[in-house]
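Each chain, written out:
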Amino acid sequence: MVGSEGLASPRQHGVTKPLSLAGPSDADLLRTQKLNKFLVDAGLYESEEEAAKREKVLGQIKQIVIDWVKELTRLRGYSDQMVEDANAVIFTFGSYRLGVHGPGADIDTLCVGPSYVNRDEDFFFVLHEILTHIEEVTELQPVPSAHVPVMKFKFDGISIDLLYASISRLVVPADLDISDVSVLYNVDEPTVRSLNGCRVADQILKHVPNVEHFRTTLRCLKFWAKRRGVYSNVTGFLGGVNWAILVARVCQFYPNAVPSMLVSRFFRVYTQWRWPNPVMLCPIQEDELGFSIWDPRKNPKDKTHHMPIITPAYPCMNSSYNVSTSTLRVMTDQFLFGNQICEEIEVNKAQWPTLFEPYLFFKSYKNYLQVDIVAADPDDLRTWKGWVESRLRQLTLMIERDTQGKLQCHPYPHEYIDPSKQCSHSAFFMGLQRKQGEIVEEGQQFDIRGTVDEFRHSVNMYMCWRPGMEIYVSHVRRRQIPLYVFPDGYKRTRVPRVVNHRPVCVTGSADKPNRKRKYGSNMEVDSPQRRPSPSPSSCGSDSPDIFVNGTVSPLQIEPESTVTNVESGLEKSNVVSGSDSRKSMPGSSSVGDFQSALDEVSEDKIQANAELGMVITSIGAADLDSNKVMRLGVTTTA
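Since we're looking at a predicted model, the values are computed, not measured.

Looking only at helices and strands, the protein features 16 helices and 14 strands. Counted over contacts in the protein with a minimum sequence separation of 6, partners at least 24 positions apart contribute 73%.

This is how it looks when you write it as C-alpha cells:
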C-alpha cells in the first residue's frame, strides 16, 4: 500500500500554491495503514485472476474492432496495402484508467477509428451486428441518442461501455497520442465528448503530485459516496470523474499528505468551499479550434451551474452540470457528516468504519415519491429503466421550479426490485421535505400533480417505447414504504403521528401533461379524462401501496425536523451552500465563477484565503473587476 515514501516534487501542481507542504506524522501513517486495511477488507480491490481476465477481454475487443475496420476498408474498395494498414485503437478511461476500479466494475472503453468509418452506420449497425454473433457478448444495448453515444454489453461477464470516435486520419497509428489536441481537428461535438473521457483521465493523473496517494484516496471517497447515497451523476449528484477532480484538487493543496490526511482534508475543504466557485486543476485554456468552453462571462447558461467542477482537458467544461440546489444541499450535509467523523478519527474517538456507515435514507424523511418502472421482460426493462433514470433529475428540477424551491427533493440513487411482482420491475425513491425556515401558512399546500404529469408526459415520449413499458409515480409516507427496500427483513420504526401542516398532491397520468391550473387560492380545474393504465399491483403484488393513477385527494406533507443521519446525530453548521452561498458572494456571476476561493481555509482552520487566488490564463485577467477580486479576497496573475 502506501507510506511516507514518494514525497512530492517541488513543482507546483494546480492553479494556486499548496496550502501545506507538511508530510505525515507517525499517527497519520498509522491511520493510513488502518484505512488501507479497511479498504482491503471491504473488498474494494479485485483479485489477480479478475485483473487478468479484464486484460484478456480488452485484447479480444481490440482484435474484433481491428478486424471490423479492415473488413470495412476492403468493402469500400481501398487498396490491399490500405487494408493491411487499416487499424483501430482501444483506449480505456474512467475508473479503470485511473486505477481505482473494483471487483465487478465496468470498463469504460473508447475505440478510435479512421475518418471513413463512421459512428451512425458502421459502429451502431455493422459492429453491432458483428457483436450479436459473438458467443461471449450478452446484454447488448446500443444507445446512439445518448449525450455520449455508447454501446453497452457484457463480454464474458465483464461489463463494457464502448464509445467510438472517428478522427481525421486515414490510418490510425497504434501509438496514437490521444492527449494531443490534433485529434480534435475536424470532428463533431459527440466525437469530442467521446475522446475527452480518455483525455480528461490522462490529465487528472498528470496533475496530481502522487498518483498512488491519489488513487487510494479516490477509491476511499468513491466508496464513501456510494454508502452515503451521493454517487450518481445521472441523478444529480457526482459521478466518477467529478469525484476524481475533487480529490485531485485536494491532493494539489496538500502534495505531501498521505491518504488518511487527504481524506480528512477533503471534507475540511469542501464543507467550506464557496460554491459556485469552480474547482479547477489547471487554468482554462482557449484554443483556435473554436469549441465552446466553460465561461460564465460569455455563456449565460454557465452562470446557472450550482457546483462547477471543470475538466482539465481542452475543451474544458463543467462535468457536474447535473447538480441542482436540492442535490447540492444533500451533498453539503454529507460533507459535514464526513468532516465530523474525520475530526473524531483524528482524536481517536472514532474508527474508519464509522465514516462508511450507510445513510439511512428511509429514516431521514417522512414523505417520499415512489417511482415504479415496469416492462414486459428484463430486456425491455433494461432499456426503459435507463431512459426513465436519465429523466429523474428533471423531476427534481421541475419540483424545485413549480414550488419556488420551497419543497426540497432528495433523489436516492439506488434501485429496488419487488420480487413478488410477476412482471419486470424496478423502483426509485425521492425524499420530500419543505425548505427549512419557511413559514407555514394555515391551509397552504404543495400541489405537484401537474408537475408529475409533465414529467410522465416527457418520459412517455420515449422513441423506443414498447407495450408493457409503464411508469407510476406515487406519494408514500414513511410508514408506507414497501418492505422490499429493507435488506434482511429490516423492521421499520413506527413513529408517532404528527399533525399535518402541508399537503402535497401528486398524480400520474400517462399521456398528457395535467391541464389543471389553480385559480385563486383553492379553486382547481381538473384535466380531461386520460386512458387508463394498469396498476403495478396487477403484476402480481398484493402490496397496499398507493400507485397514484388519476385525480386524488390532497396528501399531507408532514413537517420535517432537521434531516440528519439518525445514527450519527450530526448537527448542521452555518456553512454557506447552494443558493445561500450566492447571496453572500460578491461577483458570483462573473469573476466569482472564475475564482477558486475557500472560506477560511488553512492547515489548522484553513485560513489562507489569499493563497487560493485563481490563475487565469488565456481568458484575460485584465478583464476582471479588481474591486470584485478584492472583495472576494483572491488574487489573479496574468
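Text resumes after the structure shown.
Right, let's talk about the packing of aromatic side chains for a bit. Taken as a whole, this structure holds 35 aromatic pairs when the rule is applied. Relative to tyrosine 368, the ring of phenylalanine 362 lies with its centre 5.6 Å away and its plane at 40°, an arrangement referred to as tilted. Among the residues examined, phenylalanine 362 registers a relative accessible area of 10% and is labelled buried. Lysine 226 extends its terminal NZ or CZ atom over the ring of tyrosine 231, reaching a point 4.9 Å from the ring centre. Between arginine 265 and the ring centre of tyrosine 254, over which it is positioned, the NZ or CZ distance is 5.6 Å.

In globular proteins that are soluble, nonpolar side chains generally tend to be buried together. Ranked by size, the top nonpolar core spans 102 residues in total, and within it Leu110, Phe214, Trp224, Trp243, Phe266 and Tyr270 carry the most contacts. It is helix H8 (residues 240–253) that contributes the most residues to this core, nine residues altogether. Filtering out sequence-adjacent residues up to four positions away, tyrosine 270 remains in contact with Leu246, Arg249, Val250, Trp275, Val279 and Phe335. Grouped together as the second largest cluster of nonpolar side chains are 30 residues, Trp68, Leu72, Ile107 and Phe155 included.

This part covers the confidence of the model for the protein. Residues shown with low pLDDT carry predicted positions that ought not to be read at fine detail. Summary statistics for the protein give a mean pLDDT of 79 and a share of 74% for residues scoring 70 or more. Every residue in residues 495–638 is under pLDDT 50, and counting partners more than four places away or in other chains gives 362 contacts.

So, about the sheet that holds strand E5 (residues 158–166). Strand order in the open sheet made by the five strands is E1-E2-E5-E4-E3, with mixed pairing throughout. Edge strands, defined here as strands with exactly one partner in the open sheet, are strand E1 (89–93) and strand E3 (137–143). For this sheet the average axis-to-axis angle between neighbouring strands, irrespective of direction, equals 25°. Here strand E4 (residues 150–155) runs beside E5; their pairing, made up of five bridges, is antiparallel. Paired with methionine 151 across the bridge in E5 is leucine 162.

Nonpolar side chains collect at one region of the surface, where Tyr78, Leu170 and Val171 lie side by side and expose about 230 Å² of accessible area between them. Along the chain, tyrosine 78 falls in the loop between helix H2 (48–75) and helix H3 (80–85).

What follows concerns the pattern of salt bridges. Within this structure, the stated rule accounts for 21 salt bridges. For glutamate 346, the salt bridge identified is with arginine 268, shortest N-O distance 3.8 Å. A residue pair is termed long-range when its members are at least 10 positions apart, and glutamate 346 in helix H10 (residues 325–346) and arginine 268 in helix H9 (residues 259–270) qualify at 78 residues. Classification of arginine 268 as buried rests on a relative accessible area of 14%. Its salt-bridge partner being aspartate 380, residue arginine 466 comes within 3.0 Å of it at the nearest N-O pair. Within this pair, whereas arginine 466 is found in the loop between helix H14 (449–459) and strand E10 (470–477), its partner aspartate 380 is found in helix H13 (residues 378–402), the two being separated by 86 residues in sequence.

Where burial is concerned, most of E1 is hidden: five out of the five residues are buried. The alternating pattern of E1 places Val89, Phe91 and Phe93 and Ile90 and Thr92 on opposite faces, both of which are buried. Of the strand pairs in this sheet, E1 and strand E2 (residues 107–113) are connected by five bridges, and their pairing is antiparallel. Bridged to valine 89 within E2 is valine 112.

Analysis parameters
Residues numbered from 1 in each chain as written. Predicted model: local features only at pLDDT ≥ 70, side-chain atom pairs only at ≥ 80, totals over all residues. Heavy atoms only, no water. Helix = DSSP H or I, 4+ residues; strand = E, 2+ residues; numbered from the N terminus. Contact = heavy atoms within 4.5 Å. Phe/Tyr/Trp six-rings, centres within 6.5 Å; stacked < 30°, edge-to-face > 60°. Buried < 20%, exposed > 50% of the residue type's maximum accessible area, 1.4 Å probe, protein only. Lys NZ or Arg CZ within 6 Å of the ring centre and 35° of its normal. Core = buried A, V, L, I, M, F, W, Y, C linked by side-chain atoms within 4.5 Å. pLDDT = per-residue confidence, 0-100. Pairing = 2+ DSSP bridges. Axes fitted to C-alpha atoms, helices over the stretch in contact; angles between N-to-C directions. Patch = residues over 30% accessible without salt bridge, like charges linked within 9 Å, V, L, I, M, F, W, Y side chains within 5 Å. Areas by Shrake-Rupley, 256 points an atom, 1.4 Å probe, with all protein chains shown as cover. Salt bridge = Lys/Arg side-chain N within 4 Å of Asp/Glu carboxyl O.

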